Amino acid sequence: MHPRRPDGFDGLGYRGGIRDEQAFGGAFPARSFSSASDRGHWVTTPPDIPGSRNLLWGEKSPPYGVPAPSTPEGPEEEPFPGGSGGSVPGQSSGEGRWEQEQLSRFAGFGIGLASLFTENVLAHPCIVLRRQCQVNYHAQHYHLTPFTVINIMYSFNKTQGPRALWKGMGSTFIVQGITLGAEGIISEFTPLPREVSHKWNPKQIGEHLLLKSLTYMVAMPFYSASLIETVQSEIIRDNTGILECVKEGIGRVIGMGVPHSKRLLPLLSLIFPTVLHGLLHYIISSIIQKFVLLILKRKTYNSHPAESTSPVQSMLDAYFPELIANFAASLCSDVILYPLETVLHRLHIQGTRTIIDNTDLGYEVLPINTQYEGMRDCINTIKQEEGMLGFYKGFGAVIVQYTLHAAVLQITKIIYSTLLQNSV
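Residues numbered from 1 in each chain as written. Predicted model: local features only at pLDDT ≥ 70, side-chain atom pairs only at ≥ 80, totals over all residues. Heavy atoms only, no water.

Engineer: Quick rundown of the overall build of the chain? Include the residues and the values.
Structural biologist: In terms of regular secondary structure, the chain is built from 13 helices and 4 strands. Relative to its full complement of 424 residues, the chain shows a buried share of 39%. Long-range contacts, defined as pairs at least 24 residues apart, comprise 74% of the intrachain contacts of the chain with a sequence gap of at least 6. Just so you have it, the chain exposes about 25100 Å², and 62% of that area is on carbon and sulfur atoms. (Helix = DSSP H or I, 4+ residues; strand = E, 2+ residues; numbered from the N terminus. Buried < 20%, exposed > 50% of the residue type's maximum accessible area, 1.4 Å probe, protein only. Contact = heavy atoms within 4.5 Å. Areas by Shrake-Rupley, 256 points an atom, 1.4 Å probe, with all protein chains shown as cover.)

Following this line, the structure appears as structure tokens:
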């Protein structure tokens, strides 16, 4: 039976004169490990585990036997791979890169938060006025320009207070949460995919759109309740709780607890326009987002070669193209589908005994007494009684909303660039 120890391994040699004993020297001749090649054959570095020895994902330990460069104060600290940039005097390159990465992550989080805050909070008064104009078939002023919109918003704020412009904001967040939750639950219990891979096929696209359709159907009654909260006049509106949207949505499904008239359209009649608007909005925004993102990345690659790009510019290119693409996608989809959204909101609000503000005067209230039989009848009635511009009532609020959003993005970009330049 052959010994398992390798040739030249003298396990007792460290004790002194035993190395020269015949009992061990004959069967296992002693060899010197003075050469680096012999030592490197048996001594190996431990495996690289991300998180150990302050390694990041994808980084490797230095090979065994490579001495660290020494300095007058002692051995120099191991730098991060490629971490020569971003260092400051008196600070190692690894620490400089770590601080840059932390600043970049913090700034990216701040940019995304500013964008979400603008879309859901600062833009909410524009959404409120836009919906009130869309459902007000009595209105003589269509508010197609941002100047009249700002004037009427000032009148509402003066007569009813700031709450008149931010009403129903909590219900809009609830509807977004219900939509995301319903999509996740349906995708877990069905084979319908939430994401479409790059190697997509018509079957996968159809299943993904079917998932979106089912999600819009689940959220539809809560969307109706949220719409009522955003257009209901603050003069007659009670102090309802934040979960009133959920209560009214469930009541709309089971037909109990909510005072409705005979002109109320059943939910089955609202499925087609709701799903149609949701799918078209999702498809248009997705296509425009991919297209704009592709153009921005190609433009960035041509104007800023990789070897000549500054750290500030590279970090800006990592965050802002996606935000700009989302901004362009939302703007284009809202503008293209604005007439369909006007029809959809009028169908949802009909028969709910909702009292809205008078968008012509800025004070007084008006009841909603429409009698549309369905989507086709609503389109024909608006065209005959209000003209083609009747589909665009309140369009000036969209201009104000996206102008404000673009201004916030630009200001955020300037602040972000200033912070990065000061840190480099």
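Engineer: Lay out a nonpolar patch on the surface in plain terms, naming residues and giving numbers.
Structural biologist: A cluster of nonpolar side chains, namely F117, L122 and L404, defines an oily patch on the protein surface of about 230 Å² accessible area. Mapped onto the elements of the fold, F117 is located in helix α3 (residues 93–122). (Patch = residues over 30% accessible without salt bridge, like charges linked within 9 Å, V, L, I, M, F, W, Y side chains within 5 Å. Salt bridge = Lys/Arg side-chain N within 4 Å of Asp/Glu carboxyl O.)

Engineer: Describe in detail the confidence of the model for the chain, supporting the description with residues and values.
Structural biologist: Detailed reading of the predicted coordinates is not advisable wherever pLDDT is low. Considering every residue of the chain, the mean pLDDT works out to 77; 67% of them sit at 70 or more. Ignoring residues within four places in sequence, the model shows residues 8–59, a span with pLDDT below 50, making 47 contacts including any to other chains. For the stretch residues 64–90, pLDDT sits under 50, and the model shows 31 contacts to residues farther than four places along the chain or on other chains. (pLDDT = per-residue confidence, 0-100.)

Engineer: So what's going on with the pattern of salt bridges? Residues and values would help.
Structural biologist: Using the criterion set out here, one finds 7 salt bridges in the structure. Among the ionic pairs, E183 bridges to R194, the shortest N-O distance being 3.9 Å. One end of the pair, E183, is in helix α6 (residues 169–189); the other, R194, is in the loop between α6 and α7 (202–231), and 11 residues separate them in sequence. Judged by its relative accessible area of 38%, R194 is partly exposed.

Engineer: Please provide a residue-by-residue account of the side chain of H143, values included.
Structural biologist: Inspection of the secondary structure puts H143 in the loop between α4 (124–135) and α5 (146–160). Given the relative accessible area of 8%, H143 is considered buried. Within polar-contact distance, the side chain of H143 engages the backbone oxygen of T359 at 2.7 Å. Setting aside anything within four residues of it in sequence, one finds H143 in contact with C133, T148, V149, I152, T359, G394, F395 and G396. (Polar contact = N/O pair within 3.5 Å; in protein donor to acceptor, adjacent residues only side chain to side chain.)

Engineer: How would you explain helix α11 (residues 338–349) if you had to name every residue and give the values?
Structural biologist: Between the first and last C-alpha of α11 there are 17 Å, a value that for 12 residues agrees with the 16 Å anticipated at 1.5 Å per step. The buried fraction of α11 is high, at 11 of 12 residues. For α11, the set of buried residues is Y338, L340, E341, T342, V343, L344, H345, R346, L347, H348 and I349. Positive phi shows up at G351, right after α11, with a value of about 80 degrees. (Expected span 1.5 Å × (residues − 1).)

Engineer: Before we move on, could you go through unusual backbone geometry and cite the residues and values that matter?
Structural biologist: In this structure, H143 is a non-glycine residue whose phi angle is positive, near 55 degrees. Within the chain, R353 stands out as a residue other than glycine whose phi angle is a positive 55 degrees.

Engineer: Residue-level account of the environment of F117, with values.
Structural biologist: Residue F117 is classed as partly exposed on the basis of its relative accessible area, which comes to 42%. With 291 residues separating them in the primary sequence, F117 and V408 have C-alpha atoms 9.8 Å apart.

Engineer: I'd like to hear about the packing of α7 against α11, residue by residue, with values.
Structural biologist: Describing two packed helices takes the angle between their axes plus the distance from one axis to the other. Between α7 and α11, the least distance of the axes is 10 Å, while the angle of their chain directions is 90 degrees. Relative to α11, the element α7 lies roughly perpendicular. Facing α7, whose interface residues are M220, Y223, S224, L227, I228 and V231, α11 presents H345, H348 and I349. Taken together, the residues of the contact of α7 with α11 sort by class into 6 nonpolar, 3 polar and no charged. (Axes fitted to C-alpha atoms, helices over the stretch in contact; angles between N-to-C directions. Parallel < 35°, antiparallel > 145°, perpendicular 65-115°, else oblique. Nonpolar A, V, L, I, M, F, W, Y, C, P; charged D, E, K, R; others polar.)

Engineer: Go over the nonpolar core, please, and point to the residues and values.
Structural biologist: Ranked by internal contacts, the top residues of the largest apolar core, which has 20 residues, are L270, V343, L347, C378 and I382. Elements with a contribution of two residues or more to this core: α9 (267–303), α10 (311–336), α11 and α12 (375–385). For this core, the element with the highest residue contribution is α9, accounting for 6 residues. Setting aside residues no more than four positions away along its own chain, L270 makes contact with M220, R252, L265, L347 and H348. Within the second largest apolar cluster, 10 residues are counted, among which are C126, C133, M153 and A397. (Core = buried A, V, L, I, M, F, W, Y, C linked by side-chain atoms within 4.5 Å.)

Engineer: Could you give an account of the environment of T190, with specific residues and numbers?
Structural biologist: Here T190 shows up in the loop between α6 and α7. Look at T190 and you get partly exposed, because its relative accessible area is 30%. Within polar-contact distance, the side chain of T190 engages the backbone oxygen of I186 at 2.3 Å.

Engineer: Mind laying out the packing of aromatic side chains, listing which residues take part and the relevant values?
Structural biologist: Evaluated as defined, the whole model comprises 4 aromatic pairs. Taking the centre distance of 5.8 Å and the plane angle of 65 degrees together, the rings of F327 and Y402 count as edge-to-face. Placement of the pair is F327 in helix α10 and Y402 in helix α13 (residues 395–423), with a sequence separation of 75 residues. Classification of F327 as buried rests on a relative accessible area of 16%. (Phe/Tyr/Trp six-rings, centres within 6.5 Å; stacked < 30°, edge-to-face > 60°.)

Engineer: Describe the packing of α4 against α5, and please don't skip the residues or the numbers.
Structural biologist: With their axes 11 Å apart at the nearest point, α4 and α5 run at an angle of 100 degrees to one another. By the angle between their directions, the pair α4 and α5 is classed as roughly perpendicular. Here α4 contributes P125, L129 and Q132 to the contact with α5, which in turn contributes V149, I152, M153 and F156. Considering only residue class, the contact of α4 with α5 consists of 6 nonpolar, 1 polar and no charged.

Engineer: Tell me about α4, residues and numbers included.
Structural biologist: For α4, with 12 residues, the first-to-last C-alpha span of 17 Å sits near the 16 Å given by 1.5 Å per residue. Burial runs high along α4: 12 of the 12 residues are buried. When α4 is considered as a whole, its buried residues turn out to be H124, P125, C126, I127, V128, L129, R130, R131, Q132, C133, Q134 and V135.

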